[in-house]
Amino acid sequence: MNPLLDVSGLKASYGRAQVLFGLSFQLEPGEVTALIGRNGAGKTTTLKAIVSLIPAQADRLVFKGHPISGLSTYRIARLGLGYVPEDRRIFTDLTVEENLEVGRQGARPGRSPWTPERLFRLFPNLATMKRRRGNEMSGGEQQMLSIARTLMGNPDAILLDEPSEGIAPVLVQAMAEAVRAMKSEGVAILLSEQNWAFAAAVADKACVIERGEMRYQGPMADFMNDEALRRQTLGV
Amino acid sequence: MDLSFILIQALNGLASASSLFITACGLTLVFGVTRIVNFAHGSLYMVGAYTAATLVPRLLEMSYGPATFWAGIVLSALVVGLIGILLEILLLRRIYRAPELFQLLATFGVVLVFQDLVVQIFGPQDILGPRAPGLRQPIEILGRRFPSYELALIIAGPIVLGAVWLLLRRTRFGILVRAATQDRDMVAALGVNQALLFTGTLFCGAFLAGLGGALQIPRVAANTGMDLSVIAECFVVTVVGGMGSVPGAFLAALIIGQLQAFGILIFPKSTLVVVFLLMALVLAIRPNGFFGRPEATGGSHVVGIASRAPVRSGPLLMIAVLVVLAALPLIADPYLLKVATEILILALFAFSLQLLIGVGGLVSFGHAAFFGLGAYGAALAVKWLEASMFVAVPSGLLLAGAGGALIGAFLVRLSGIYLAMMTLAAAQILYAVAFQWVDVTGGDNGIIGVWPPAWAGPRAIYYLLTLAVTAIALFGLTRLIDAPFGYALRAARDSEPRAESIGLAVRRHRWLAFVAAGAGAGLAGALYAFSRGSVDPSLLGIPTSVDALTMLLLGGIQALTGPLAGAAVLHALRDWIMPLTPFWRLLLGLSIITMVLIFPRGLVGTVFHGREERA
């Protein structure tokens, strides 16, 4: 089977400083892959480069059989590749319902589309604040809304940047539930995480990045069991 | 002053508030989404008025009635909306990420293009539109007659406010517009085609500008000056209301409408003075207007002179240039000397602007204020005090320096686009004062008979005098820029918080920059007055400010010597081409747009850049 997202030789720079040095990995349909690495390793840059939010070069950048290298951001999103940024970027002047409306795209064949009602079942605390504005929500609630907003575009895959960062510990568990629920709906997820315990709880596969280069790729379980490898790549 | 009079004045104020709001609302909507202050918004308003004044009478000939009239107004606005779409696709789309100075200049280029096109298409005469069928009879209010069309205008404002509110709150397009106002990239990451969204916004904004203009035709004849007068008022409304805020624009328009209606009783000469006082007050309390928010964009949007190693042969080169310039009277005829004198003066004018923009990052769109103050200061000293040139020129310099101190004191709190719009508004106020205070300034005719003493009368002598004064002034300004003062300004330009955190008094430095730049421009203005023998309000006008900016852009903002080259090239070109064609403004406008799009470094900047690339 062809991978859903096929990345090979991905390079990106900020000005003259090169940040990514030819990353290659694949995301299979319905699978959760965790990009693990320390602060500054290049995880966020990888996600932004894939959706064209920053300029990047790649030998191969293919999503659902479409080359997406050089495509504008909105076209990539229309193809069904969602992006949830690290800083959530909720539209703070808009209500929860309006935020969801911005993310809405047409249904995709063969799948029942996400609706606000379905999303409120997935994220019950959003259901209690439908008319609340983004700037009146906690960090965790904004994170939920950011994910829900991207799901409104009925994506086949989501790039999820640091979902567990900066939210209350009690919500981390809920976030893990949400990731599993999305997976069970058939959405593939590429997750960037510093918190490898969170990654371990939800991911099938681990990709460890260090200074813009891939250090390890393999099943998450193997990575968790191999303490020497963890110490070598993450220092934990 | 009885009750009925007050009521009528208040109604008049409401009527002008309505028309102002409708136009300003489009400007603020477009700014909210695109972050571009569209200078050409006033031109769209003017095109709306001309289109309606031409179209509606024809429609009324076919079928006379209120429905036809209003349909014609809306149709004219739709035509302008289509022009807005073209404007977005052809120009704005290419400059969304450009520094705001370039955005303003490019859209001002559009203003110039429209000025010539409107004359070509609609003819040079003012066109008064027909009166609205069904609203021809005045109605009686407390025994006074009041035009019923004004009542219709009073109703139109809230209708437009309601319609825009519904559009923004109740439609998907509106929700997307509001989202894009906050975070364009995220909207794109959610699969929304920004290009369509922006084009749609420009259509709405242009439609509103066209509507505002079209609604004027029964009260004001469509004329070629309405673009710049309305844009200055719109700037005030949007800044006071808060950039991007539609309710803010409505509130500001209401207040300004009333201030103008009643201010005329206090300052019969210039209602704009009252408006300016309001603006100063509001911005002193709320720097972002009633409902505005601080601009997120900052550092990356500033362009300015770059640091580079001093050229070793620099001083020698300068002396050589001076010698060549001083030898010019040996070969040149009086006409050429007059042109050369003006070029020197304009070079000083543009260079003083470079101190604000290139060094300080303070994008001033009203530098003509200081040029004009200098010219008027000198001319008024001659007219009222019978001063000689040697007293009059320093008076001009002092007046302009004082103007810089006063205007600067209000402006140093502001930055970016607010600063640009406020400097423009300040210059427009001075323009209005010079234009309306006929007893003192001579109004439109200005002041004549501002001549140098007999011995300095010959062109060659005056040229050499100008050369000496400008050389000294330029040298002084250069020293200022190379001194710690200049470095502090540049630090604040590149990052205000960082400059403040190392202990630089950013606001005081900026204020001093305004004083110095004002004095420099004032000196140029005073010299100019004596070179031409007269002053008139156009010296204070927006086109004069834009001339200075064009010289800067032409020469290159990154290079210190850019404005000197820019002044020479622009003035020489103007002198050569303007008599040959009725399309000078069109050509100038297109050249400005072209420069912004493909040549943003300017002449000197490109030379330097090329040399550095090779190095």
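Below, the discussion takes up the packing of helix 12 (residues 314-331) of chain B against helix 18 (residues 459-482) of chain B. All names here are of chain B. Here helix 12 crosses helix 18 at 165°, and the two axes come no closer than 8 Å. Classified by the angle their axes make, helix 12 and helix 18 are roughly antiparallel. The element helix 12 and its partner helix 18 pack so that their crossing is right-handed. Facing helix 12, whose interface residues are Leu322, Leu325, Ala326, Leu328 and Pro329, helix 18 presents Ala460, Tyr463, Leu464, Leu467 and Ala471. Of the residues belonging to the contact of helix 12 with helix 18, the class tally is 10 nonpolar, no polar and no charged.

Once that is clear, we can look at the interface of chain B and chain A. Across the contact, 18 residues belong to chain B and 21 residues belong to chain A. Together chain B and chain A conceal approximately 1900 Å² of surface at their shared face, both sides included; 55% is due to carbon and sulfur atoms. By the criterion of area lost to chain A, the three top residues of chain B are B:Arg172, B:Met186 and B:Leu190, representing 31% of everything that side buries. The interface formed by chain B and chain A holds three salt bridges in total. The salt bridge partner of A:Glu98 is B:Arg178, with a shortest N-O separation of 2.9 Å. At the surface where chain B touches chain A, the tally comes to nine residue pairs in polar contact (both at pLDDT 80 or more). Listing elements by their share of the side of chain B that touches chain A, those giving two or more residues are helix 6 (172-182) and helix 7 (184-189) of chain B.

Another point: the sheet that holds strand 11 (residues 213-219) of chain A. Residue and element names in this part refer to chain A. Pairing is mixed across the open sheet formed by six strands, whose spatial order is 7-8-9-3-10-11. This sheet does not close on itself; its edge strands, each paired only once, are strand 7 (81-84) and strand 11. Neighbour-to-neighbour, the strand axes of this sheet turn through a mean angle of 15°, independent of strand direction. The pairing of strand 3 (residues 32-36) with strand 10 (residues 205-210) spans four bridges and is parallel. Residue pairing in the sheet places isoleucine 36 in a bridge with valine 208 of strand 10. Most of the contacts of helix 6 (residues 139-151) go to strand 7, to which it runs at about 165°, and overall it touches strand 7 and strand 8 (157-161).

Pairing between side chains of opposite charge can happen when their charged atoms approach one another. All names here are of chain B. Tallying each qualifying case throughout the model produces 24 salt bridges over all chains. In this structure, the salt-bridge partner of aspartate 536 is arginine 532, at a minimum N-O distance of 3.2 Å. Note on arginine 532: relative accessible area 28%, which makes it partly exposed. For the salt bridge of aspartate 547 with arginine 574, the shortest nitrogen-to-oxygen distance reads 3.0 Å.

Residues and elements named next belong to chain A. Taken across its six residues, strand 9 (residues 188-193) has six buried, putting it largely inside the fold. Side chains of strand 9 alternate between two faces, with Ala188, Leu190 and Ser192 and Ile189, Leu191 and Glu193 buried alike. As paired elements, strand 3 and strand 9 share five bridges and run parallel to each other. When the sheet's bridge partners are listed, leucine 35 is paired in strand 9 with serine 192. One ladder, built from five bridges, connects strand 8 with strand 9; its direction is parallel. Along strand 9, the bridge assignment pairs isoleucine 158 with isoleucine 189. After leaving strand 8, the chain enters helix 7 (residues 169-184) and then returns to the sheet as strand 9, a path that is right-handed.

Turning next to the packing of aromatic side chains. Inspection of every chain in the model, using the stated rule, returns 16 aromatic pairs over all chains. Among the aromatic side chains, those forming a connected cluster through ring pairs are B:Phe39, B:Phe108, B:Phe235 and B:Phe365. Over the aromatic face of A:Trp114 sits the side chain of A:Arg118, whose NZ or CZ is 4.2 Å from the ring centroid.

Residue and element names in this part refer to chain B. Taken as a whole and judged by the stated rule, the model has zero disulfides over all chains. Cysteine 234 takes part in no disulfide bond, and the closest cysteine sulfur to it belongs to cysteine 25, at a distance of 10 Å. Note on cysteine 234: relative accessible area 1%, which makes it buried.

Residues and elements named next belong to chain B. If you trace the backbone, valine 275 turns up in helix 11 (residues 271-285). For valine 275, a relative accessible area of 2% puts it in the buried group. When the C-alpha positions of valine 275 and isoleucine 429 are compared, they lie 9.0 Å apart, and in sequence the two are 154 residues distant. Apart from residues lying up to four places away in sequence, valine 275 is in contact with Val236, Ile256 and Gln260.

Turning to the packing of helix 2 (residues 41-62) of chain B against helix 3 (residues 66-90) of chain B, a few remarks are in order. All names here are of chain B. Interaxial distance between helix 2 and helix 3 falls to 8 Å at its minimum, and their mutual angle equals 140°. It follows from the interaxial angle that helix 2 and helix 3 lie oblique. When the axes of helix 2 and helix 3 are compared, the crossing they make is right-handed. Of the residues in helix 3, those in contact with Leu44, Val47, Gly48, Thr51, Ala52, Leu55, Val56, Leu59 and Leu60 of helix 2 are Thr68, Phe69, Gly72, Ile73, Leu75, Ser76, Val79, Val80 and Ile83. Partitioning the contact of helix 2 with helix 3 into residue classes produces 13 nonpolar, five polar and no charged.

Parameters at a glance
Residues numbered from 1 in each chain as written. Chains lettered and ligands numbered in written order. Predicted model: local features only at pLDDT ≥ 70, side-chain atom pairs only at ≥ 80, totals over all residues. Heavy atoms only, no water. Axes fitted to C-alpha atoms, helices over the stretch in contact; angles between N-to-C directions. Helix = DSSP H or I, 4+ residues; strand = E, 2+ residues; numbered from the N terminus. Parallel < 35°, antiparallel > 145°, perpendicular 65-115°, else oblique. Left-handed = near helix turned anticlockwise from the far one by under 90°. Contact = heavy atoms within 4.5 Å. Nonpolar A, V, L, I, M, F, W, Y, C, P; charged D, E, K, R; others polar. Buried area = accessible area lost by both parts, 1.4 Å probe. Salt bridge = Lys/Arg side-chain N within 4 Å of Asp/Glu carboxyl O. Polar contact = N/O pair within 3.5 Å; in protein donor to acceptor, adjacent residues only side chain to side chain. Pairing = 2+ DSSP bridges. Buried < 20%, exposed > 50% of the residue type's maximum accessible area, 1.4 Å probe, protein only. Right-handed = clockwise from strand over helix to strand, strands pointing away. Phe/Tyr/Trp six-rings, centres within 6.5 Å; stacked < 30°, edge-to-face > 60°. Lys NZ or Arg CZ within 6 Å of the ring centre and 35° of its normal. Disulfide = S-S within 2.5 Å.

By themselves, these observations are geometric and do not establish any function.
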